[in-house]
Every structure is written in structure tokens, then in C-alpha cells.
Amino acid sequence: MATMQAKSVRRREDLRLLTGQGNYAADAAPTGLATAVFVRSPHAHARIERIDTAAAGALPDVLAVYTHADLTDVAPIAGGIGFLRPDGGPAPKTDRPLLATGRVRFVGEPVAMIVAMTRAAALAAAEMVAVDYSSLPVVTEPAAALAAGAAVVWDDVPDNIGFLWQRGDAAGTDTALARSAHVTTLDFTVSRVTANSLEPRGAWACIAADGRIEVHASHQSPFALRNGMASGNFGIPNTEIRVLPGDVGGSFGMKSGVHQESVLVAWAARRLGRPVRWISDRTEGFLTDEQAREMRVYASLGLDTDGKFSALKLRWDVNLGAYVSGRSAWGVGNIGGIAGVYVIPFIEAQVCGVLTHTVPTAAYRGAGRPEATYAIERLIDVAARETGIDPYELRRRNLIPPAAMPYKTALTFTYDCGEFEGNMRDATALADFHAFPHRQAEAARAGKLRGIGLCNCIEVAGGPFLRPAKDTASLRLTEDGGLLLRSGSMSVGQGLETAFTQLVAARFGLSPDQVRWQGGDTDLLPSGKGNGGSGALCIGGSAVTLAVDKVIEKARRIAAEMLEAAVVDVELADGRFTIAGTDRSVDLAAVARWTHDPAHVPPGEEGGLVESGEFSPTAVTFPNGTHICEVEIDPDTGMTEIVGYSAVEELGRVLNPMLVAGQIHGGVVQGVGQALGEAILHDAESGQMLTASFMDYQMPRADDYPEFRLATREVPTAVNPLGAKGVGEAGTVGALGAAMNAINDALAPLGIRHFDMPATPARVWAAIQAAKR
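Nothing here was measured: the structure is a model prediction, and the numbers come from that model.

## Overview of the sheet that holds strand β18 (residues 449-458)
Across a sheet, strands are paired by hydrogen bonds formed along the backbone, either parallel or antiparallel in direction. Spatial strand order, β18-β26-β27-β28: 4 strands in an open sheet with mixed pairing. For this open sheet the edge positions go to β18 and β28 (708-713), each flanked by a neighbour on one side alone. Averaged over all neighbouring strand pairs, the angle between strand axes comes to 10 degrees, with direction disregarded.

Here's what the structure looks like:
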């Protein structure tokens, strides 16, 4: 296993980004750049009867107005997914048109594209496009969509079921539940949210001097975007498209996959022979960014007479939105997390993907992991209250012991390692958990309701589970003795440039300033993972480590030749190769010069020292932890205050504790933010979005949160050379369950068995009033 030194190093990219030197999709100003805007449907479901673009096309500075009829040489975004429907047939192939034709199926679906010399001219032209619609019946949420007589999203899918995924021992689970001493049953909702990344989606494209399509997109997976556009939309070799994301201001899963707008600006650039750019505004983002999380959960947990779990049965009715595609798998790939960190002998799980007249849903930080953890952890809290067993103790007595590792759960995952009771012990110490009754009594004397929520979390990282991701990297020793690192993992604001250069510098004994980093450009490497799935360090960092190993070994052999010594006697430290036990040495710059000296370069070969690394793990990793949230509710106003938050995360080996803390902070805020207020809501009759601005969509703010108390534990994994497990989604996975358990604990003395998110003041106040009545 490679040596990895844990050290908090400040983010090197921040100075550049905070002083206006970032390079985002909206920053470039190439000669002849045109602006694209879209005419979008104001209806959630309607037939398109007529589109008249003549007046728009006649306006000054308007270069072109396009509709679906113009897109004869570019394909739609392919629909369908490799899951079956209840009748055993395949999921419907709901191809997503780049511009709608025949029918629109959600508010915001693009109908026409205007390209003009200025944004003002494009917006003026958009107002002049006349579209005649005939409105059709609408359905926006899963339960309504599954009901008899519901509006139909696709005529050939009359039941609105996109797929039904099923796993586990159904007969064994039913038998075990029937024999259980106690069964806790709970139906509850996970609300719909949107990513609201700091930088909106956007892209510009041009035709490069070599004739290839060049796409500059705010995107987290450039190779996936390139390959998807080339083969799926344009029908050309991957090498005919180059993707260069530049800086990306947050992604969270929403900026992966192929987006209609990226394809269309590339198509328009090729059609017009000039650069074309589209940048989303905030309203567009609310209406058209892929959203996430929404589902109705039906769950039952069995317990025996000793409070040991006997069986778990669960069904998710997931809102897919209007289209089924590979992006719709977010509710399936990580459902294995419902097993939690517990011994549960029998599990049956179903995921029903339901079509509605809403924007499609897809991966968002955690992508099914927070929902799975919330499901099991909420059930456990309700079961604890029903059985009279302390919630901490009920969890503790059902934990998977370290001696059982590797442990195959009763559903899909096999955990390679973990010490879950240590997480609980350390987290309760951080939170002063066992003194909570004191604080609760003090709050009651002040007229407040105080609650505490415990959540054990585990997630899969570096997936998909059955097909772990692969990444590549290259490392070059430059002529000045520095290093140039190219990584297939994509930095989207999480500090990857800092982490990877720190990793390389530590191995060579250099300052991180002596390591340059490049990433994102699909011309730099043959392939790359991009960003997602908490796999940057455990997969991308492992690829970097393999490249480092090769460069060090090759440089050591050269240094040995220069020093006229045996390779085994040459050691590397502080950027110098030294013969052990002597003061004879050469530095990296001397080795670099040697590799560029024509006298040492074989004929026909390029000088220099460069090596590559490619890593694909044999299995995924499983970061895990314990989160504890403490809240205080004012019953007169319904206002919920987070008064304490503690978390212990077991992440395997940690490289940069400061970056880890930042990732956990952000993840916790996104999870608690959803619990407290974030929610995308639709009018059930019209399908109009009711929360399409920051006036209505409650974003978390810094002053909503106390100082977080965080700690990490190291139980290294053996599935990668660094022993790292990943951190990117860890905070979110634990936060949703911890916050909702705390809110429900505060409300439980009023007789409220379960309260659904979001805990806005109005909803909490209404629940309190209803309980009093």
C-alpha cells in the first residue's frame, strides 16, 4: 500500500478563483461569438399545433431560429434503461428530443433555439416566436400517476410505469416479517430538490482549426460528454470532438450526462461556422436542470423478542419525470444502502420508476445513498419508540461486528471492512449525547421542543457497485525538475487540484508549487473518469499513484546510471536521489536534463520522462459514519433551529483533513437544507412549478447552522493502493436522516409519530396545531 501523508494544505486554486482569474464557460469571448437562447414550453403537457418563427428570424442581429424540423443531421438523446417493467417487458424507449416535436411534457422543455449576435437580440426574437399549444391533462407526482385514470405521459405507457426493479428474497422476507415479534411499518416521502450549483449550466462550442467540434462546457465528466455526443448525437468518432470544461463552479451530479443545450450549441456552431454560447439563467436552471430525490417510501422492519432485526421490506416509488434514460438509474444503483450497517437476515426491495409531467430526475450528491440511509434510520427510530428500546441501544445491538468482515448483506452490497460501533462511540462523545435529557429539560422550561437524531450511514463509493469506475493519469518530469500531472478525474470545486498535487509532491519530497496540474481536456489523456461517486481519491488518486511509482522507478534507474551506483542503493528524498550512506546525489532537474540530452535519447524517440497510470479497483469502497443532529423548535412559530451537529466519518486513509472537513461541511448543509426547507413543488392541476426562484425555494444559509463538530476514523480498505474510501457524498448521506430524526424526536412528545420533510416553519406549526387538537 502506498504511503499517504495526512496534512492540511490550503487549496491552491482559491487565489486564482477569488481574484477573478477563473475560466468558466461564460468568460470566454472568441471572435464572432453568438448567443443562443431557447423558447421553452409554458405548459407541463400540451400538443404543439404550430410554430411560426418568421417574425423572430427577421429581427436585426438574429442569425438563425431553429426548430425540431431543422435537426435532420443530429440525433435526440437516447432514452430507455436496462430494467424491466412489471409485465416483464423492457422499459419504454423515451428518446428526448433536442427540441420538442409534437408534444411537450414538462414546463421548460425547449421548443425553439434562437442564435443572435447579442443576448438582447436573442431574447427579443424569442418573444416573437409564436407557438400554438393545445393543453392536455397533467400528473406531477408518483402516487397520482399510478392511480387509475391518471393522465398519461406517454401513450404507449398507459400505467406511467417506466420500470420496476426488484431484488432480495421476497418469500423469505415475508415469512420472517410474519414471524417477527414486532413489525414497524412506515410510509413517508423524500422531497424533490434541485442542485442550484453556484455556476449555472452553460456551454459554448466552435469548430477548431483542425475541423473538429470543440465544446467548452460547465460539466463534470468531459470524456462521458464527448463520447455521448459523438456516438449518440452526431454519429462521428469520439476523436472528432474535443471537450474542455475549464473551471466548473459546482456540479453535484447534475452536470453529468449529455444535455440538450450542449449538443445544440455544438450543432449550431457547425451549421453557422462560428462560436455559439448558451448560459442558463436562474429561472431556466430551476425549470430545466435535472432534479432529484423525490420518492414515496413504503417500508416495514421486523424485530424479534430481543430487539434484533429479522427482516426489511421496502418499496420506492420514484418520480422519474417525463423521460426514462440511463440517468434514471439513480434510485437503483445505491439502494443497497438500505441494509445500513446492520445484520438484517432478509431484505426485499423494489424500485418503481414512475413517469410524470415534470423535468427528469437524475443523480444529485449521494444519488440514492441519502434516501437509502434515511429509510433504514427513520424506521429504526420509529421502531425504538414503539418497542421502548433506546435508539442508541437498538442500533448498537444490531451492528455488523468487525469480525464478520467481509460481510455480504441480504441485498446487493458486500462490505470489505468497517468498525461501526467505534463511529457511534466517538460521535456520541463529540455530541455529549448521553447528557441530552438535561438540555431537553432546560429547553422545555423555556417553552421549546428539543430533539436529537442519530444516524448511522454507509455509502458505496467509486461505483457503480457491479462495475467499478476506471481512471487514468500521466506524470511528466519537466526540464526544470518540476512535475506536470494530468488527471482523468475532474476538479469541479472540491479541491482536487490541491489534493492530487499534494499527493505527488509528498512522494517526491517537493513543494506542491513544483507540481503543475492539468485536467478536463479530453485531448490530454485517452480516457478519464471525470467527477462523481466519491471516487476521486480512491480511484483517480490511485491512478496518479501508479504513474508516480513508474516515474520514480525510472528516474531512480537514470540517477543510478548518472551516479554509477546500483539501483537498490539509490534513495529518493527531498527531490534528490542519493546513494545510501553517502553525500553523493543528483536532483530531479539533473535527471530531467539527462532525459532530454540527445546523447541519451534513442533515435526516433522523444526526450523526457513521462509515465501513465490506469486504475480500476476490483471492488468499490464503503465510507461510513455516525451523524448526530440536535434541534430546538419554537412551538409558537414552528421555527426549527439546528443547535448542535456532530459527525464521525470513517473514510479509510485521509490525505488532506482540511479538504475532508470542507467536503463534510458542504454535504451536511445540503442534507440538512433539504430536511429544513428545500423543496421543488408543482401545482397539481397545471403542472406549473411553484418554487422556481430563490423567493420560493428555501436555500440554506451559513447562519442556519452551528459550528460543526467533526472527527474521522481510519479503517483502511485494501481495494486500492491508498487505502482511501472517499468523502464527497459522506456528509449528505448522514445529514438527511440525522436531521429528520432530530425533528421527529422533538415533535414525538406531542404524539406525532412521523413528520415528513421539509420542516418549514409553516408545516411544523401546522403539525403542532393538529396534534394539539
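## Overview of the pattern of salt bridges
Here the structure, examined in full by the defined rule, presents 53 salt bridges. Each of Asp210, Arg212, Glu214, Arg242, Asp521 and Asp523 takes part in salt bridges that share partners, so that together they form one network.

## So, the packing of helix α17 (residues 657-676) against helix α18 (residues 730-747)
Two numbers describe how α17 lies on α18: the axes approach to 7 Å, and their chain directions differ by 40 degrees. Between α17 and α18, the angle falls in the class oblique. Where α17 crosses over α18, the handedness of that crossing is right-handed. Contact residues: Ile664, Gly667, Val668, Gln670, Gly671, Val672, Gln674, Ala675 and Leu676 in α17; Gly731, Thr732, Ala735, Leu736, Ala739, Met740 and Ile743 in α18. The class makeup of the residues in the contact of α17 with α18 is 10 nonpolar, 6 polar and no charged.

## Concerning unusual backbone geometry
Leaving glycine out, the prevailing phi sign among residues is negative, and the prevailing peptide bond configuration is trans. The omega angle of the peptide bond from Met405 to Pro406 is -5 degrees, so this bond is cis rather than trans. With respect to the helices and strands, the residue Pro406 is situated in the loop between α11 (391-397) and β16 (407-408). In the segment running from Met757 into Pro758, the intervening peptide bond is cis, with an omega of 0 degrees. Among the secondary structure elements, Pro758 is positioned in the loop between α18 and α19 (761-772). One non-glycine residue with positive phi stands out, namely Asp61, at about 70 degrees. Its place among the elements puts Asp61 in the loop between α2 (54-57) and β3 (62-66).

## A word on the nonpolar core
With 116 residues, the main nonpolar core has Phe163, Trp316, Ile338 and Tyr415 as its most contacted residues. With residues near it in sequence (within four places) discarded, Phe163 still touches Ile81, Phe83, Leu84, Arg85, Ala91, Leu320, Val324, Ser328, Val332, Val351, Cys352 and Gly353. By size, the runner-up hydrophobic cluster in this structure holds 46 residues, among which are Ala505, Ala543, Ala547 and Leu588.

What counts as what
- Residues numbered from 1 in each chain as written.
- Predicted model: local features only at pLDDT ≥ 70, side-chain atom pairs only at ≥ 80, totals over all residues.
- Heavy atoms only, no water.
- Pairing = 2+ DSSP bridges.
- Helix = DSSP H or I, 4+ residues; strand = E, 2+ residues; numbered from the N terminus.
- Axes fitted to C-alpha atoms, helices over the stretch in contact; angles between N-to-C directions.
- Salt bridge = Lys/Arg side-chain N within 4 Å of Asp/Glu carboxyl O.
- Parallel < 35°, antiparallel > 145°, perpendicular 65-115°, else oblique.
- Left-handed = near helix turned anticlockwise from the far one by under 90°.
- Contact = heavy atoms within 4.5 Å.
- Nonpolar A, V, L, I, M, F, W, Y, C, P; charged D, E, K, R; others polar.
- Core = buried A, V, L, I, M, F, W, Y, C linked by side-chain atoms within 4.5 Å.
- Buried < 20%, exposed > 50% of the residue type's maximum accessible area, 1.4 Å probe, protein only.

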